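Close look at the chain arrangement
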2 protein chains.
Amino acid sequence: MIWYENNNNDIVVSTRIRLARNLEGVPFPNALRDTQQTTEKIRDAILKSNSTLGKDFEFINLDKLSDDQKHSLSEEHLISPQMLEGKGKSVLINKDKTMSIMLMEEDHIRLQIIKSGFAVDEAYETANRVDDVIEESVTYAFDEEFGYLTACPTNAGTGLRASVMLHLPALTMTDNIGRVITSATNIGIAVRGLYGEGTKAYGNLYQFSNQTTMGLSEQEILERLKKIVNQIIDMEKKARKNLLEQNNDSFTDKLFRSYGILKYAHSISSAEAKSLLSDVLLGQNLGILPKPGVLTPLECMVKTAPSFIGANLTTGERDKKRAEFIRKNI
Amino acid sequence: MIWYENNNNDIVVSTRIRLARNLEGVPFPNALRDTQQTTEKIRDAILKSNSTLGKDFEFINLDKLSDDQKHSLSEEHLISPQMLEGKGKSVLINKDKTMSIMLMEEDHIRLQIIKSGFAVDEAYETANRVDDVIEESVTYAFDEEFGYLTACPTNAGTGLRASVMLHLPALTMTDNIGRVITSATNIGIAVRGLYGEGTKAYGNLYQFSNQTTMGLSEQEILERLKKIVNQIIDMEKKARKNLLEQNNDSFTDKLFRSYGILKYAHSISSAEAKSLLSDVLLGQNLGILPKPGVLTPLECMVKTAPSFIGANLTTGERDKKRAEFIRKNI
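Below is a short write-up of the structure. Computed from a prediction, not measured in an experiment: that's the story for all the values here.

1. Points about the relation of the copies chain A and chain B
When chain A is fitted to chain B, the residual RMSD is 0.1 Å, and the transformation amounts to a turn of 180° plus an axial shift of 0.0 Å. Both copies of the chain, as the preceding transformation shows, are related through a two-fold rotation axis. Residues of chain A ranked by C-alpha distance from the rotation axis are headed by Gly260(A), positioned 2.2 Å from it.

Written out as structure tokens, the structure is:
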């Protein structure tokens, strides 16, 4: 199940494990004139492997997709925003969209596992298995001292980026989110918005991930992240409890109003929709609002991004179509 | 049918005719030590008349009502706010609440006819018939030169106050209402909010009435008022047409959002409720929003005034009960 379809995850929306890998003896993508041979080698390593895991993937040449199709993959977190630019890039995606292997991003291989909910160990284990399948047919660029070699040194070593997406509406409403971000940053955890580096935390969705990939073992990286995430979960739970106990009337009213606006609005911007959908997700998690209709609030957020609604439309037209989509599906 | 139950009146909500009358040889109420004898004389003139009109009334001694009950009558426009204060006041109200005869307000008799919609001539004719019934048994204070004598000279002459309540949301939204009020005032038409003199025009409801009662015949007063009201109706219609043509998306969106908030809010102030209910009334009149549920928006406005919800509750408790009432009935 893709991460946004599950509405039962309270606070932790999804877990992502990303491994950066490169082939020995081949220049990094930014210095590689012809990417075709390397792409085919990695593609075959996966699709033609003896593992059942490999057979689950479909190969997609991004050069053959429209801009809207590429942006949609990005909104679903199946490719990174960097994959939207340039030529010669491709991705392998499995059937239930929980695994994607980007080829010729910054590195030759960016292997990514996305699990719904808080599943760091499970996701890492799956990533390892896919990594092993690929390594059966290719030789990775690896240095005894530095570990896995990557285009950008900040990814070298383990090549591991573990990230957890948290829905933190109560910490945001109570103005505690700044403090949380500062504490996390101070101990080497990066905090980003829904769409990665430099994006705003629309919908009160925050990604927490390890800043350093070197100097720690994979297990140490994962344990550190799990520890801070567990602390943040506790803080969010306390903030929700306080809102319910101390401002029940206005808090309940706010959640219901957001729901009412989404059920009836005839024009809505992407930013407002995300903010109101965040309230609805919170209200559903707390049992205050009715259960999801056709789609979960997260799915409505993803599926009403401009690329899904139609990037060729005017903003006004998109705002109308977005409102209509949400009215029908919420 | 009481004025607020009819949702089919586009722009003109209701028409009110008020006649001020006093008994000859009896001091005005403010100088009358014992009001009982005069009250009984007028009461009997109505209840014991041979007319079927008179038999339709019920006599209510306001001293026997609670503050909430009195305020409720005031919100329904069956008594004036002045009737809420002091002792020895009473009112006769007919079964369908279209006629009320206040006794010992500023004058001995304030006879009032309220019709739903734009019905100036019809309401005046009814007022005249009731006036005739009373005059069969009492002698009015009348001067050949000044006409009917009243406690305050501004009511003397015809004693007639004709007023029309208009719902002017489009003129308000387009910031033209100030101009309309100034023009009306300049030609001797007073403009007031929903609850008479000095009240704010909550819910975009404005009362237009003749300022002078002397120097013009009854027919001239009524014709002047009808003429200006017809002009304002045309302006409101044009403003609505413009909103539909020039800002259709945002206008439609605004009306639907107001409807959505009212259907889901769990706490709402009286002022916000009136404002949103005004949007809903407009949307229903224009055929944009679904038809009324249990109650019309006007009825929701009247029935969620503090006196109906419970004046003894805290503001927070009332806001919750008001939201609940509207959710169930809109």
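2. A word on the interface of chain A and chain B
Taken together, the contacts link 16 residues of chain A with 16 residues of chain B. Carbon and sulfur atoms supply 62% of the area that chain A and chain B bury against each other, a total of about 1,500 Å² over both sides. For the chain A face of the interface with chain B, the top three residues by lost area are Arg257(A), Tyr264(A) and His266(A), together amounting to 41%. Our count for the contact surface shared by chain A and chain B stands at four salt bridges. Along the contact surface separating chain A from chain B lie ten residue pairs in polar contact (both at pLDDT 80 or more). Looking at which element gives the most residues to the side of chain A that touches chain B, the answer is helix H8 (residues 248-264) of chain A, with ten residues. Classifying every residue of the side of chain A that touches chain B by side-chain character gives six nonpolar, four polar and six charged.

3. Let's talk about the nonpolar core
For soluble globular proteins, the rule of thumb is that nonpolar side chains tend to be buried together. Counting residues in each nonpolar core, the largest one holds 184 residues, and the members touching the most others are Ile101(A), Ile134(A), Phe208(A), Ile101(B), Ile134(B) and Phe208(B). Excluding anything up to four places from it in sequence, Ile101(B) contacts Ile46(B), Phe57(B), Ser90(B), Val91(B), Leu92(B), Ile109(B), Arg110(B), Leu111(B), Val130(B) and Ile134(B).

4. Digging into the packing of helix H4 (residues 120-135) of chain A against helix H7 (residues 218-246) of chain A
When two helices pack together, their arrangement is given by the angle between the helix axes and by the axis-to-axis distance. Residues and elements named next belong to chain A. In contact at an axis separation of 11 Å, H4 and H7 are set at 150° when each is read in the N-to-C sense. Relative to H7, the element H4 is oriented roughly antiparallel. In this structure, H4 meets H7 at a crossing whose hand is right-handed. Across from Val 120, Asp 121 and Tyr 124 in H4, the residues of H7 making contact are Glu 218, Gln 219, Leu 222 and Lys 226. Considered class by class, the residues forming the contact of H4 with H7 number three nonpolar, one polar and three charged.

5. Remarks on the sheet that holds strand S8 (residues 160-167) of chain A
Residue and element names in this part refer to chain A. As summarised here, the arrangement of the eight strands in space is S2-S3-S4-S5-S1-S8-S10-S9, forming an open sheet in which the pairing is antiparallel. Strand pairing shows two members of the sheet lacking a second neighbour, strand S2 (57-61) and strand S9 (189-192), which therefore form its edges. The mean angle between the axes of side-by-side strands here comes to 20°, regardless of whether they run parallel or antiparallel. Sheet topology note: the S2/strand S3 (residues 90-94) ladder contains five bridges and is antiparallel. Each residue of the ladder has a partner; that of Phe 59, found in S3, is Leu 92.

Procedures and definitions
Residues numbered from 1 in each chain as written. Chains lettered and ligands numbered in written order. Predicted model: local features only at pLDDT ≥ 70, side-chain atom pairs only at ≥ 80, totals over all residues. Heavy atoms only, no water. Least-squares fit on C-alpha atoms with pLDDT ≥ 70 in both. Contact = heavy atoms within 4.5 Å. Buried area = accessible area lost by both parts, 1.4 Å probe. Salt bridge = Lys/Arg side-chain N within 4 Å of Asp/Glu carboxyl O. Polar contact = N/O pair within 3.5 Å; in protein donor to acceptor, adjacent residues only side chain to side chain. Helix = DSSP H or I, 4+ residues; strand = E, 2+ residues; numbered from the N terminus. Nonpolar A, V, L, I, M, F, W, Y, C, P; charged D, E, K, R; others polar. Core = buried A, V, L, I, M, F, W, Y, C linked by side-chain atoms within 4.5 Å. Buried < 20%, exposed > 50% of the residue type's maximum accessible area, 1.4 Å probe, protein only. Axes fitted to C-alpha atoms, helices over the stretch in contact; angles between N-to-C directions. Parallel < 35°, antiparallel > 145°, perpendicular 65-115°, else oblique. Left-handed = near helix turned anticlockwise from the far one by under 90°. Pairing = 2+ DSSP bridges.

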